[in-house]
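Below are the chains, spelled out letter by letter.
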Amino acid sequence: MTTHLYENALFLEHKVPEGHPERPDRLRALNLALEHPNFAPLKRIEASRGSAELVLLAHTEEHLRSIARAIPEDDISQIEADTYASPSSFEAALTGIGGAVAAVDAVFTGEADNAFVAARPPGHHAEKNKAMGFCFFNTIAIAARHAQKAHGVERVAIVDWDVHHGNGTQDIFWNDPSVLFCSTHQMPLYPGTGAKEETGARNNIVNAPLSPNSGSEHFRDAFRSRVLVALDNFRPDLVLISAGFDAHYRDPLAQINLVAEDFDWATGRLMEAAGKSAGNRVVSMLEGGYDLQGLAESAALHISRLMRG
Ligand SMILES: [Zn+2]
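Thresholds applied
Residues numbered from 1 in each chain as written. Predicted model: local features only at pLDDT ≥ 70, side-chain atom pairs only at ≥ 80, totals over all residues. Heavy atoms only, no water. Donors = N, O, S within 2.8 Å, 3.2 Å for Na, K, Ca; no water. Helix = DSSP H or I, 4+ residues; strand = E, 2+ residues; numbered from the N terminus. Buried < 20%, exposed > 50% of the residue type's maximum accessible area, 1.4 Å probe, protein only. Pairing = 2+ DSSP bridges. Axes fitted to C-alpha atoms, helices over the stretch in contact; angles between N-to-C directions. Contact = heavy atoms within 4.5 Å. 1 Å grid on protein atoms, 1.4 Å probe; cavity = no way out; pocket = protein on both sides within 12 Å on 5 of 7 lines; lining within 4 Å. Points joined across faces, edges and corners; volume = space filled by probe spheres on them. Nonpolar A, V, L, I, M, F, W, Y, C, P; charged D, E, K, R; others polar. Core = buried A, V, L, I, M, F, W, Y, C linked by side-chain atoms within 4.5 Å.

A. Structural view of the coordination of the zinc ion. Taken together, Asp162 (OD), Asp162 (OD), His164 (ND1) and Asp246 (OD) make up the protein donors of the zinc ion, found 2.0 to 2.8 Å from the metal. On the primary sequence, the residues serving as donors to the zinc ion are separated as D-x1-H-x81-D. Separated by 84 residues along the polypeptide, Asp162 in the loop between strand E6 (156-160) and helix H6 (167-173) and Asp246 in the loop between strand E9 (238-243) and helix H8 (260-277) bring together distant segments of the chain. You can call Asp246 buried: its relative accessible area is 0%.

Okay, structure coming up:
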């Protein structure tokens with residue numbers, strides 16, 4: 001498989017207060033893991049800035065303007081309860097979107113079979129009109145809409161295995177049967193959404209909540225019986241992954257207690273699904289993951305699997 005990885009030094013310039021879990025060191029830890037010779041064949045590409053018009057594929061103009069206004073000229077400002085911005089945060093968020101859109105383009109032109117976007121801030125909590133949970137713009141939702149608009153794709157599946165529910169992605173696609181959104185997440189946990197009964201207005205949302213201390217077996221069961229079955233029925237043209245690694249047992253924010261190999265396994269299953277209907281096209285984007293060792297090990301196995309097939 002040809003795998004692209006999209007990155008940019010700007011992603012380290014999105015600063016947060018001391019002690020905040022979603023910190024630049026997360027990407028430094030991943031970069032260190034990627035120095036292993038196994039990753040030599042990985043094609044690493046500097047992401048370019050996405051346009052403000054791309055943001056409007058998933059958000060209101062009001063939201064775009066309110067984020068732009070909230071960016072401080074120096075120091076760090078608080079956007080909402082958990083979300084902070086520094087002077088480079090807006091550019092970092094737009095560059096993450098640029099990377100995601102370039103990754104989608106690469107899998108449709110055939111330049112890459114699959115891709116990983118190593119960006120921050122993350123995106124899956126951002127709703128149409130609301131920044132939330134460390135997220136400004138919903139990068140994965142924008143990528144899905146871009147695939148439909150620029151590549152004429154009918155059906156996009158988004159699988160979100162971040163330990164927190166992707167409320168923002170669910171909000172954006174609630175009424176949109178062209179996008180299947182499947183999420184495994186801990187419940188109860190922030191942000192509180194993601195019950196099984198939340199299926200979308202058009203039955204295009206599949207939530208598989210897991211109790212604290214579920215562990216690998218329950219995760220894999222839910223993934224097989226809920227997520228993979230839904231993917232088989234939907235037959236997507238593109239598979240997008242909201243790849244958070246905070247379900248790892250070392251993570252300080254949650255208690256699902258997965259091991260790094262579970263992310264390798266889940267990646268393999270999604271690649272099989274993409275092989276059936278999506279010409280192997282998989283684009284994965286970093287969401288959460290707050291223990292540096294757990295994040296680095298898990299993301300490294302995830303990317304290795306993307307490269308290996
Ligand atoms: Zn998370």
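B. Main features of the sheet that holds strand E8 (residues 205-210). Strand order across the open sheet formed by eight strands is E2-E1-E5-E10-E9-E6-E7-E8, with parallel pairing between neighbours. If you trace the sheet from one side to the other, it starts and ends with strand E2 (43-46) and E8, each paired once. Pairwise comparison of adjacent strand axes, ignoring direction, gives a mean angle of 15 degrees for this sheet. Each of strand E5 (114-117), E6, E9 and strand E10 (282-286) touches H8; the most contacted strand, E10, lies at about 145 degrees to it.

C. Inspection of empty space enclosed by the protein at higher detail. All chains considered together, the criterion is met by four cavities of 30 Å³ or more. There is about 120 Å³ of room inside the largest cavity. At the level of elements, helix H4 (89-109), helix H5 (139-151) and E10 are the ones that each hand at least two residues to the lining of the largest cavity. In terms of residue class, the lining of the largest cavity is built from twelve nonpolar, three polar and two charged. Each pocket or cavity is described by its volume, and for the second largest cavity that value is around 40 Å³.

D. The arrangement of the nonpolar core in detail. Membership of the largest hydrophobic core comes to 97 residues, with the highest contact counts inside it found for Phe116, Phe137, Trp161, Phe223 and Leu240. Setting aside its immediate chain neighbours within four residues, Phe223 contacts Val159, Trp161, Thr184, Leu228, Trp265, Ala266, Arg269 and Leu270.

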